[in-house]
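What follows is each chain in one-letter form.
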Amino acid sequence: MTVTTKRAFNFNAGPSALPLEVLQKAQAELVDFKGTGMSVMELSHRSAEFEGVHNEAIANLRELYDIPENYEVLFLQGGASLQFSMIPMNFVKEGQKASYIQTGAWSEKAFAEAKLFGTPVEAASSKSNNYKNIPALSEIQIDEEAAYLHLTSNNTIFGTQWKTFPTTGDLPLIADMSSDILSKKIDVSNFAMIYAGAQKNLGPSGVTVVIIRKEFLEKANSNIPTMLKYATHSKNNSLYNTPPTFGIYMLGEVLKWVKAEGGLEAIEQRNEEKAKYIYDVIDNSNGFYYGHATEDSRSLMNITFRVADEELEKKFLAEAKTAGFVGLNGHRSVGGCRASTYNAVPLETCKALADFMVKFQQDNQ
Ligand SMILES: Cc1ncc(COP(=O)(O)O)c(C=O)c1O
C-alpha cells in the first residue's frame, strides 16, 4: 500500500516549511537514535552521540558557506531578537556610536535595542519610501569611528533583499540574515558577524546561528552577564549550558539536505526560479497584482504583493486558503499578501501558486 503524505502549500514566513526528507528522517530516528534506544531529545548533551550531531552540524555549515578558519560558529538561544541586544551590549564601548541601516521593522527593532547601550545612528534608511527598496550603496554613510555597521540582509515583512553588500573596510559589518541565510552563496569574510534565527531556512525555531570573526569577538566588553557574552559560548563550543539539542539535530539534518540538493549554487538557482514564477505573474497582470518592493530590491525569499482592488484581495486570500495555500496573508503591520519561498518550499508549490494567481485574475477581472 502506498501512503501519500499530505503536505500543505506552505508559504509561512517562519516557522516555515521544512524539507520532507528531513522530517521523515527525524520521524524514523525519533524513538531510537542510531541504536542508542533513546531519542535525540533524551540524549545527554555531554554524550559522544550528541557531540557528534553538534560538531557535524558546525562542520557542515562551515563547508557550505566556506567559512574561514578565523570565524567561530555558535548555536545560541533567544532568537535573532536577543542578538539585537547582545550585539550592542558586547561591542559598543562607553560613549561610542554604532551605525544601522534601516530597511524595515526588524532593523528598527535592532536600532531600538542599541539605544539602551550606546548611541545608534542611521547610516541610511528607506523608511520615507515605506521600505520599498534597499538604499543604494552610495547613500550609506560609513563612519569609521562606529563600533560596527548593522544591516538586515532580507526584510521578511517588506519583501526586500540586499543584492550587493557594502564594503566597509575596517568598520565591522554585521548582518541579520534570519530570513535569507543559506539561500545563496556569500563571502563570509566580508562580515564581522552574521546571525540568524533558524526557523526559516535552517530548521525549527529555538536555535540562533552566529558566525563571528574571532578578532572581532575578542574585542567584546567583559562586564556583561555570562550567558550574554559571545566569549562564553565560543570558549565552550556552544555547550556552556544545555543547548536546544533537538533543534540542533534538525538544523544538522537540514544542512545535510542542502548538501544533497547540490549545495548553495543549486539552492540559489532554484530559489531564483521559484520566485520568478510568482513575480512573472505579478508583472504580467497589467496591474491586477502589484508588488510592494521596487524591482531592483525584490526578495527571493518573501514576495510581497497586493491585489489592486481591496475587496478582491480579501476574496483572493479567502479562496487561496480554501485551495490549500497556507500563510499568504501579509504581516499584520503591512497587510496585503506575502508568499515566503524559503529553501524548503518546493518549486511545484510556487508553480501551483502562480497558476492559482493567473486563474484568479482570469475569473475576476
Ligand atoms: C529579519 C528578521 N530578523 C529578526 C527576526 C526575529 O527573529 P526571532 O523571532 O528569532 O527573534 C525575524 C523574525 O521573523 C526576522 O525575519
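Predicted, not measured: the structure shown is a model, and the values here were computed from it.

### Section: the packing of helix α3 (residues 79–91) against helix α4 (residues 105–114)
α4 packs onto α3 with a crossing angle of 40° between their chain directions and a minimal axis gap of 8 Å. Between α3 and α4, the angle falls in the class oblique. Helix-helix and strand crossings are classified by hand; for α3 and α4 the assignment is right-handed. Where α3 approaches α4, its residues S81, F84, S85 and P88 are matched on the opposing element by W106, K109, A110, E113 and A114.

### As for α3
Compared with the 18 Å implied by 1.5 Å per residue over 13 residues, the 19 Å span of α3 between its first and last C-alpha is a close match. The sharpest bend along α3 comes to roughly 25°, located at S85, with the proline P88 sitting one to four residues further on. For α3, the tally of buried residues reaches 10 of 13 residues, placing the bulk of the element in the interior. For α3, the complete set of buried residues consists of A80, Q83, F84, S85, M86, I87, P88, M89, N90 and F91.

### Brief notes about the site of the ligand
Neighbouring the ligand are 13 residues; S81, T156, D176, Q199 and K200 lie closest to it. Note that an oxygen atom of the ligand is positioned 3.3 Å from one of the side-chain N or O atoms of W106. Here an oxygen atom of the ligand sits 2.9 Å away from a polar atom, N or O, in the side chain of Q199. When the ligand sits alone it has 400 Å² of accessible area, and the protein chains cover 86% of it. The leading source of residues in the shell around the ligand is α3, at 4 residues. When the residues that make up the shell around the ligand are grouped by side-chain class, the tally is 3 nonpolar, 8 polar and 2 charged.

Cut-offs and rules
Residues numbered from 1 in each chain as written. Predicted model: local features only at pLDDT ≥ 70, side-chain atom pairs only at ≥ 80, totals over all residues. Heavy atoms only, no water. Axes fitted to C-alpha atoms, helices over the stretch in contact; angles between N-to-C directions. Helix = DSSP H or I, 4+ residues; strand = E, 2+ residues; numbered from the N terminus. Parallel < 35°, antiparallel > 145°, perpendicular 65-115°, else oblique. Left-handed = near helix turned anticlockwise from the far one by under 90°. Contact = heavy atoms within 4.5 Å. Expected span 1.5 Å × (residues − 1). Bend = angle between axes of the 7 residues up to and from the residue. Buried < 20%, exposed > 50% of the residue type's maximum accessible area, 1.4 Å probe, protein only. Near = heavy atom within 4 Å. Polar contact = N/O pair within 3.5 Å; in protein donor to acceptor, adjacent residues only side chain to side chain. Areas by Shrake-Rupley, 256 points an atom, 1.4 Å probe, with all protein chains shown as cover. Nonpolar A, V, L, I, M, F, W, Y, C, P; charged D, E, K, R; others polar.

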